[in-house]
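As a plain string of letters, each chain reads:
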Number of protein chains: 2
Amino acid sequence: MTTTNARPRSGRRPGASGTRAAIAAAARVQFGDVGFDRTTIRSVAAAAGVDPALVMHFYCSKQQLFVETMALPFDPAPVVADLLAGERETIGIRLAHFLLHAMEDPAVSTVLLGRIRAAASDPEAARLLRDLVPGELVGPLTRELGVDQPELRAGLVSSQLIGFAVARWIVGVEALAALDVERSIAFLGPSLQRFLAGPLP
Amino acid sequence: MTTTNARPRSGRRPGASGTRAAIAAAARVQFGDVGFDRTTIRSVAAAAGVDPALVMHFYCSKQQLFVETMALPFDPAPVVADLLAGERETIGIRLAHFLLHAMEDPAVSTVLLGRIRAAASDPEAARLLRDLVPGELVGPLTRELGVDQPELRAGLVSSQLIGFAVARWIVGVEALAALDVERSIAFLGPSLQRFLAGPLP
């Protein structure tokens, strides 16, 4: 991560920033469609219409390319703050509300479903996500909530969210695909609530 | 499925049955490790040390090879009957108990995790599983339970089970990987109970 922080996320010159964005977009599509293993610096460069050396210049490694292009396309900090500011009794339903509405944005669903596809098909992508995800949204949420076993709660919440995404969007289970957002929230909310703030056995 | 039913599942001659088992074992490993797309009749034949024509003779197509080798390695009918025979109030915890203990058997975990990996990496595998899974265990369970919206309930139950499997075994979230079976059952049971038999919003 230190190598990344040393360079700005978007280039100073419009040209560099546009090129970098094109590389990121191509990488996001490939990681999501064919997985981590079969996505290469070379294949991303070809799809973005640039030289592989330029991909290396911006991202240093395929691992770094994955971590940066699969980052959440929104800032999770204010989301966590909002969730913490509301009533504790409704935090599960409010988390479900935020995430299920966020999934309506293709920029969000591409990243979140791409992560799951990549992790399921490649141990290296799974390892990268295992390091990345706990610091993002659900991890900080349970840690700042003042509950016991925050890491375990975050894992349980993630398990229900990941599973709904797999069943609803990746496998395409009909009865779930037919649900509208509000009903989905109503089904997932209570499970998330128990995992987030309920008493754990 | 009709082409399959026309030939016996295990050969009459010990030689044929052993060869078929070797092909199935090789296919299971490849589907689970590299996914549906990159597994071929040819690659399975090579791993099993047989001619590709023999794989075609036994399984007719890669799709059929997937469906047969990714079938549950136990008969779900008596499991469903047992679950239905017990108290309705504990059916969620009893389902979690059965599945989490079943996952301790490598024959079961290979198939269930292999299915998720394959579905996540390939739309064709996802489609095959979407046709296969509802007739197996959770689908018959909710349909015979006498509850409203059985298909939706089966989808919700599956979503939590799939997500736990992804987070616990595929991504390897530490706090979940550290759980023993009894605690896992205690966490998942109430969610499964609500999806199976609770009032749905």
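Please refer to the structure placed before this passage.
Described below are features of the structure shown in this document. (Residues numbered from 1 in each chain as written. Chains lettered and ligands numbered in written order. Predicted model: local features only at pLDDT ≥ 70, side-chain atom pairs only at ≥ 80, totals over all residues. Heavy atoms only, no water.)

A word on the overall build of chain A
To keep things clear, this is the line we draw: Helix and strand definitions follow DSSP, with helices as H or I runs of at least four residues and strands as E runs of at least two, each counted in order from the N terminus. Here the globule rule is a power law, 2.2 Å times the number of residues to the power 0.38, and the radius of gyration is based on C-alpha atoms. Exposure categories follow from relative accessible area, calculated using a 1.4 Å probe and restricted to protein chains: below 20% of the type maximum is buried, above 50% is exposed, and the middle band is partly exposed. Residue-level accessible areas treat just the shown protein chains as cover; the underlying method is Shrake-Rupley with a 1.4 Å probe. In this tally Asp and Glu are treated as negative and Lys and Arg as positive; neither His nor the chain ends contributes. A charge is said to be at NZ when it belongs to Lys, at CZ for Arg, at CG for Asp and at CD for Glu.
A count of helical and extended segments in chain A gives 13 helices and zero strands. The helix and strand sequence of chain A, counted from the amino end, reads α-α-α-α-α-α-α-α-α-α-α-α-α. A globule of 201 residues ought to have a C-alpha radius of gyration of about 17 Å, and chain A, at 18 Å, matches this closely. C-alpha extents for chain A along the principal axes are approximately 55 × 40 × 30 Å. Scored against the burial criterion, the 201 residues of chain A give a buried share of 53%. Of the roughly 8,800 Å² that chain A leaves accessible, carbon and sulfur atoms contribute 58%. Charge-centre separation for chain A: the mean point of 20 positive side chains lies 6 Å from the mean point of 20 negative side chains.

Here's the deal with the interface of chain B and chain A
The line we're drawing: Only heavy atoms matter for contacts: two residues are in contact if any of them lie within 4.5 Å across the pair. By buried area we mean the combined loss of accessible area, with a 1.4 Å probe, across both parts when two parts are placed together. In what follows, salt bridge is the name for a side-chain nitrogen of Lys or Arg lying within 4 Å of a carboxyl oxygen of Asp or Glu. Two N or O atoms form a polar contact when they lie within 3.5 Å of each other; inside protein one atom must be a possible hydrogen donor and the other a possible acceptor, and for residues adjacent in sequence the pair counts only when both atoms belong to side chains. Gly is placed with the polar residues, together with every amino acid not listed as nonpolar (Ala, Val, Leu, Ile, Met, Phe, Trp, Tyr, Cys and Pro) or charged (Asp, Glu, Lys and Arg).
Across the boundary between the two partners, chain B contributes 38 residues, which contact 37 residues of chain A. Summing both partners gives a buried area of about 3,200 Å² for chain B against chain A, and 64% of it is carried by carbon and sulfur. Applying the counting rule to chain B against chain A returns two salt bridges. Aspartate 37 of chain B is the salt-bridge partner of arginine 38 of chain A, the closest N and O atoms lying 2.9 Å from each other. Between chain B and chain A we count 15 residue pairs in polar contact (both at pLDDT 80 or more) in total. At 13 residues, the largest contribution of residues to the side of chain B that touches chain A is made by helix 11 (residues 150–171) of chain B. Partitioned by chemical class, the residues of the side of chain B that touches chain A number 22 nonpolar, eight polar and eight charged.

Describing the packing of aromatic side chains
The way to describe two aromatic rings as a pair is by their centre distance and the angle between their planes. Residue and element names in this part refer to chain A. Cut-off, in case you're wondering: Whether two aromatic rings pair depends on their centres lying within 6.5 Å, for rings of Phe, Tyr and Trp, where Trp uses its six-membered ring; planes under 30 degrees apart make the pair stacked, over 60 edge-to-face, and the rest tilted.
With the rule as written, the count across this model stands at twelve aromatic pairs over all chains. Taken together, a centroid distance of 5.4 Å and an interplanar angle of 90° make the contact between phenylalanine 36 and phenylalanine 66 edge-to-face. Of this pair, phenylalanine 36 sits in helix 2 (residues 14–38) while phenylalanine 66 sits in helix 5 (residues 62–69), placing them 30 residues apart in sequence. As far as burial versus exposure is concerned, phenylalanine 36 and phenylalanine 66 are alike and both buried. For the ring pair phenylalanine 74 and phenylalanine 98, a centre distance of 5.3 Å and an interplane angle of 75° mean the geometry is edge-to-face. Of the two residues, phenylalanine 74 is situated in the loop between helix 5 and helix 6 (76–85) and phenylalanine 98 in helix 7 (residues 91–102); the sequence distance between them amounts to 24 residues. These aromatic residues form a ring-pair network of at least three members: Phe31, Phe36 and Phe66.

Describing the relation of the copies chain B and chain A
The criterion, for reference: Our superposition of the copies is a least-squares fit, built on the C-alpha atoms of residues whose pLDDT is at least 70 in both.
You can overlay chain B on chain A at an RMSD of 0.0 Å; the transform is a turn of 180° with a shift of 0.0 Å along its axis. Such values leave the two copies arranged in the relation of a two-fold axis. For chain B, the residue whose C-alpha comes nearest the rotation axis is glycine 163 of chain B, separated from it by 1.7 Å. In this assembly the copies share their binding face: 97% of the residues contributing to the interface of chain B also contribute to that of chain A.

Some details on the pattern of salt bridges
Residues and elements named next belong to chain A. Per the stated rule, a full pass over the model turns up 14 salt bridges over all chains. Taking the shortest distance from any N to any O, the salt bridge between arginine 143 and glutamate 151 comes out at 3.4 Å. Residue classification places arginine 143 among the partly exposed positions, given a relative accessible area of 40%. A relative accessible area of 38% places glutamate 151 in the partly exposed class. The structure contains a network of salt bridges with shared partners spanning Glu124, Arg127 and Asp131.

Some details on helix 11 of chain B
Along an α-helix, residues three or four apart share an orientation, since each turn contains 3.6 residues. All names here are of chain B. Using the following cut-off: Multiplying 1.5 Å by the residue count of a helix minus one yields the expected span of that helix.
The end-to-end C-alpha distance of helix 11, which contains 22 residues, comes to 30 Å, matching closely the 32 Å that a straight helix rising 1.5 Å per residue would cover. The buried fraction of helix 11 is high, at 19 of 22 residues. A positive phi of about 75° marks glycine 172, the residue just after helix 11.

As for the environment of arginine 153 of chain A
Residue and element names in this part refer to chain A. Along the chain, the position of arginine 153 falls in helix 11 (residues 150–170). When its relative accessible area of 2% is taken as the criterion, arginine 153 is described as buried. Between the alpha carbons of arginine 153 and phenylalanine 98 there is a distance of 18 Å; along the sequence they are 55 residues apart. Those residues in contact with arginine 153 that sit more than four places away from it in its chain are Thr142, Val147, Asp148, Arg194, Phe195, Leu196, Ala197, Gly198 and Leu200. A polar contact of 2.5 Å, which involves the side chain of arginine 153, links it to the side chain of aspartate 148.

So, the packing of helix 7 (residues 91–102) of chain B against helix 13 (residues 181–197) of chain B
Residues and elements named next belong to chain B. Selection rule: Only the contacting stretch of a helix is used when fitting its axis, a line to C-alpha atoms as for every element, and angles between N-to-C directions run 0 to 180 degrees. Orientation categories follow fixed angle ranges, with anything under 35 degrees roughly parallel, anything over 145 roughly antiparallel, 65 to 115 roughly perpendicular, and all other angles oblique. Helix crossings get a hand from a simple test, with the near helix turned counterclockwise from the far one by less than a right angle marking a left-handed crossing and a clockwise turn marking a right-handed one.
At a minimum axis distance of 7 Å, the contact between helix 7 and helix 13 shows a crossing angle of 135°. With respect to each other, helix 7 and helix 13 are oriented oblique. The crossing of helix 7 and helix 13 is right-handed. The segment helix 7 lies against helix 13, with Ile91, Gly92, Ile93, Leu95, Ala96, His97, Leu100 and His101 engaging Val181, Glu182, Ser184, Ile185, Ala186, Leu188, Gly189, Pro190, Leu192, Gln193 and Leu196. Class assignment of the residues belonging to the contact of helix 7 with helix 13 gives a composition of twelve nonpolar, six polar and one charged.

Purely spatial values, then, with no claim about function.
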